[in-house]
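Secondary and tertiary structure notes
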Amino acid sequence: MALLLACLSLGLAPVAVADQAMAEAAFVRGEYDAALTALADSESADALAFRARTLLAGAMSGPADPPDVLLHRALDQANAALARDPAHAEARLQRAIALSLILRPMTTREARKTGWAEEARDLARSVLADEPANVYAHGFLSVWNVEVVNRGGRIGALIMGAGISDGRDHYEAAIAAMPDDASVHWQWARALAALNARKYRADVLAALDAALACPVESELERTMQARAALLKTEMLQDPRRAGELAARML
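Computed from a predicted structure; not experimentally measured.

Turning our eyes to something else, we now look at the overall build of the protein chain. Scanning the protein chain from terminus to terminus reveals 13 helices and 0 strands. Helices and strands appear in the protein chain in the N-to-C order α-α-α-α-α-α-α-α-α-α-α-α-α. Relative to the 2.2 N^0.38 estimate, which gives 18 Å for 250 residues, the radius of gyration of the protein chain is 18 Å and therefore close to what a compact globule would have. Expressed as lengths along the three principal axes of its C-alpha atoms, the size of the protein chain is roughly 55 × 35 × 35 Å. In the protein chain, which comprises 250 residues, the proportion classed as buried is 50%. Summed over its atoms, the accessible surface of the protein chain is roughly 11400 Å², and 56% of this surface lies on carbon and sulfur atoms.

Next up, the structure:
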């Protein structure tokens, strides 16, 4: 995910602007604790949404199963941002991502009881209603559709209104808006490979190649590229193993 925080035109005091610049620079370097510290004293919706993004970036940079406490910290920050500004697009997206990651280790039955998968979908859709070209909302929904099909099967997907074609539409919209975002290509490839690496082999390899060809500016994107390279190696050697690997990756 690329850095989206853009508050320089909001009339912030010079110290706040300097803190924001420090936070952004630390985020790009992958120094997430430093990024959080730089904006620790700000309680604006923008700062809270940025802290949610930073916590989630740290979670996605680590093990395949991030600590639940870290995900809930991110969710709390997104919720606080939304309490200040219910229309905040970045906060809505970060809440959607946090909910999806919290659902990840749950059984299908447990996940359905929460209603969070539907809420995450609706949050991303609400962002697109306001910002039809939002690359990250499209990217999120591309993966959401595939993962619902993967976890819920045909019946579950029908109930949730999910489908591979819908996921593909969102992926294509995302890359039309920002073709050089490695994370969008990586997440689509990962989700398809986890669903059925043999069936979607050509699509997975095309997306992985696109991810690997992207210029990257942040440590998080470099992490995504490294994972893309690893998955491509497995795809070329043994798609079955590649699918199992993809299912464990973020």
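Further remarks concern the packing of aromatic side chains. Applying the stated criterion to the full structure yields 3 aromatic pairs. Centroid distance Phe-27 to Tyr-32: 5.6 Å. Interplanar angle 75 degrees. Geometry classified as edge-to-face. The same class applies to Phe-27 as to Tyr-32, namely buried. Three or more aromatic residues joined by ring pairs form one cluster here, namely Phe-27, Tyr-32 and Phe-50.

Moving on, we come to the packing of helix 10 (residues 182-196) against helix 13 (residues 239-248). Close contact between helix 10 and helix 13 brings their axes to 7 Å; oriented N to C, the two are set at 125 degrees. By the angle class used here, helix 10 and helix 13 are oblique. Crossing hand, helix 10 versus helix 13: left-handed. Of the residues in helix 13, those touching helix 10 at Arg-190, Ala-193 and Ala-194 are Gly-243, Ala-246 and Ala-247. Here the contact of helix 10 with helix 13 is composed, by residue class, of 4 nonpolar, 1 polar and 1 charged.

Let's shift gears to helix 5 (residues 89-103). Its 15 residues place the ends of helix 5 21 Å apart at the C-alpha level, agreeing with the 21 Å of an ideal helix rising 1.5 Å per residue. By the criterion of burial, helix 5 is predominantly enclosed, with 14 of the 15 residues buried.

Before going further, it helps to examine the pattern of salt bridges. Per the stated rule, a full pass over the model turns up 15 salt bridges. A salt bridge links Glu-43 to Arg-51; the nearest nitrogen and oxygen atoms lie 3.2 Å apart. By relative accessible area, which is 42% here, Glu-43 ends up partly exposed. Across the pair Arg-222 and Glu-219 runs a salt bridge whose closest N-O atoms are separated by 3.5 Å. Here Glu-219 and Arg-222 lie together in helix 12 (residues 219-237), a separation of 3 residues that amounts to about one turn.

Okay, the packing of helix 10 against helix 11 (residues 201-213) next. Across the interface, helix 10 lies against helix 11 with an axial gap of 8 Å and an inter-helix angle of 155 degrees. Here helix 11 runs roughly antiparallel to helix 10, going by the angle between their axes. In terms of crossing hand, the pair formed by helix 10 and helix 11 is left-handed. Contacts between helix 10 and helix 11 involve Ala-182, His-185, Trp-186, Trp-188, Ala-189, Leu-192 and Ala-193 from the first element and Asp-203, Val-204, Ala-207, Leu-208, Ala-210 and Ala-211 from the second. Classifying every residue of the contact of helix 10 with helix 11 by side-chain character gives 11 nonpolar, 1 polar and 1 charged.

Before going further, it helps to examine the layout of surface pockets. Gaps left between atoms are located by rolling a probe of water-molecule size over the structure's atoms. Considering only enclosed or pocket space, the largest pocket measures out at about 1000 Å³ in volume. In terms of lining, the largest pocket is formed by 39 residues, of which the most central are Ser-100, Val-143, Trp-144, Glu-147 and Arg-190. Breaking the lining of the largest pocket down by element, the ones donating at least two residues are helix 5, helix 6 (108-114), helix 7 (116-130), helix 8 (135-160), helix 10, helix 12 and helix 13. For the lining of the largest pocket, the element with the highest residue contribution is helix 8, accounting for 15 residues. Among the residues making up the lining of the largest pocket, the classes are represented as 25 nonpolar, 8 polar and 6 charged.

Below, the discussion takes up the side chain of Arg-95. The residue Arg-95 is located in helix 5 in this model. When its relative accessible area of 14% is taken as the criterion, Arg-95 is described as buried. In terms of polar contacts, Arg-95 uses its side chain to reach the side chain of Glu-119, at 2.7 Å. What Arg-95 contacts, discounting residues up to four positions off in sequence, is Leu-75, Ala-78, Asn-79, Leu-82, Glu-119 and Leu-123.

In this structure, Phe-140, Trp-144, Trp-186, Val-204, Leu-208, Leu-231 and Met-235 are the most contacted members of the largest nonpolar core, which totals 76 residues. Ranked by residue count, the leading element in this core is helix 8, at 12 residues. Setting aside its immediate chain neighbours within four residues, Leu-208 contacts Trp-186, Ala-189, Ala-228, Leu-231, Lys-232 and Met-235. Grouped together as the second largest cluster of nonpolar side chains are 6 residues, Ala-45, Ala-49, Ala-81 and Ala-91 included.

Thresholds applied
Along every chain, residues carry numbers that run from 1 in the direction the sequence is written. Where totals are concerned, whole chains, interfaces and linings use all residues; where local detail is concerned, this predicted model gives features only for residues with pLDDT of at least 70, and gives and counts side-chain atom pairs only at 80 or more. Side-chain metrics rest on all non-hydrogen atoms present in the structure, leaving aside hydrogens and water. Only runs of H or I of at least four residues qualify as helices and only runs of E of at least two qualify as strands under DSSP, and these elements are numbered from the N terminus. The atom set for the radius of gyration is the C-alpha atoms, and the globule formula is 2.2 Å times the number of residues raised to the power 0.38. Each residue's exposure class comes from its accessible area (1.4 Å probe, protein chains only) as a fraction of the maximum for that residue type: buried when under 20%, exposed when over 50%, partly exposed otherwise. Surface accessibility in these figures is a Shrake-Rupley result with a 1.4 Å probe; residues are shielded only by whichever protein chains are displayed. Pairs were defined over the aromatic rings of Phe, Tyr and Trp, the Trp ring being its six-membered one, requiring ring centres within 6.5 Å. Orientation was assigned from the angle between planes: stacked under 30 degrees, edge-to-face over 60, tilted for the rest. Angles shown run from 0 to 180 degrees and are taken between the N-to-C directions of axes, each axis being a line fitted to C-alpha atoms and, for helices, limited to the stretch in contact. Throughout this description, any angle smaller than 35 degrees is read as roughly parallel, any larger than 145 degrees as roughly antiparallel, any in the 65 to 115 degree range as roughly perpendicular, and the remainder as oblique. By the definition used in this description, the sense in which the near helix is turned from the far one sets the handedness, with an anticlockwise turn below a right angle giving left-handed and a clockwise turn giving right-handed. What makes two residues a contact is simply this: any of their non-hydrogen atoms within 4.5 Å. Any residue outside Ala, Val, Leu, Ile, Met, Phe, Trp, Tyr, Cys, Pro, Asp, Glu, Lys and Arg is labelled polar, Gly included; the first ten of those are nonpolar and the last four are charged. Take the number of residues in a helix, subtract one, and multiply by 1.5 Å to get its expected span. For this document, the term salt bridge refers to a Lys or Arg side-chain nitrogen within 4 Å of an Asp or Glu carboxyl oxygen. The definitions used throughout rest on a 1 Å grid laid over the protein atoms alone, on which a cavity is an enclosed set of points accommodating a 1.4 Å probe that cannot get out and a pocket is an open set flanked by protein within 12 Å on both sides along at least five of seven lines; lining residues are those having an atom within 4 Å of a point. Grid points are joined across faces, edges and corners, and a volume is the space filled by probe spheres set on the points. Pairs of N or O atoms are called polar contacts if they sit within 3.5 Å, as long as, within protein, a hydrogen donor faces a hydrogen acceptor (for residues adjacent in sequence, only side-chain-to-side-chain pairs). By convention a nonpolar core is built from buried Ala, Val, Leu, Ile, Met, Phe, Trp, Tyr and Cys residues, the set being connected through side-chain atoms within 4.5 Å.

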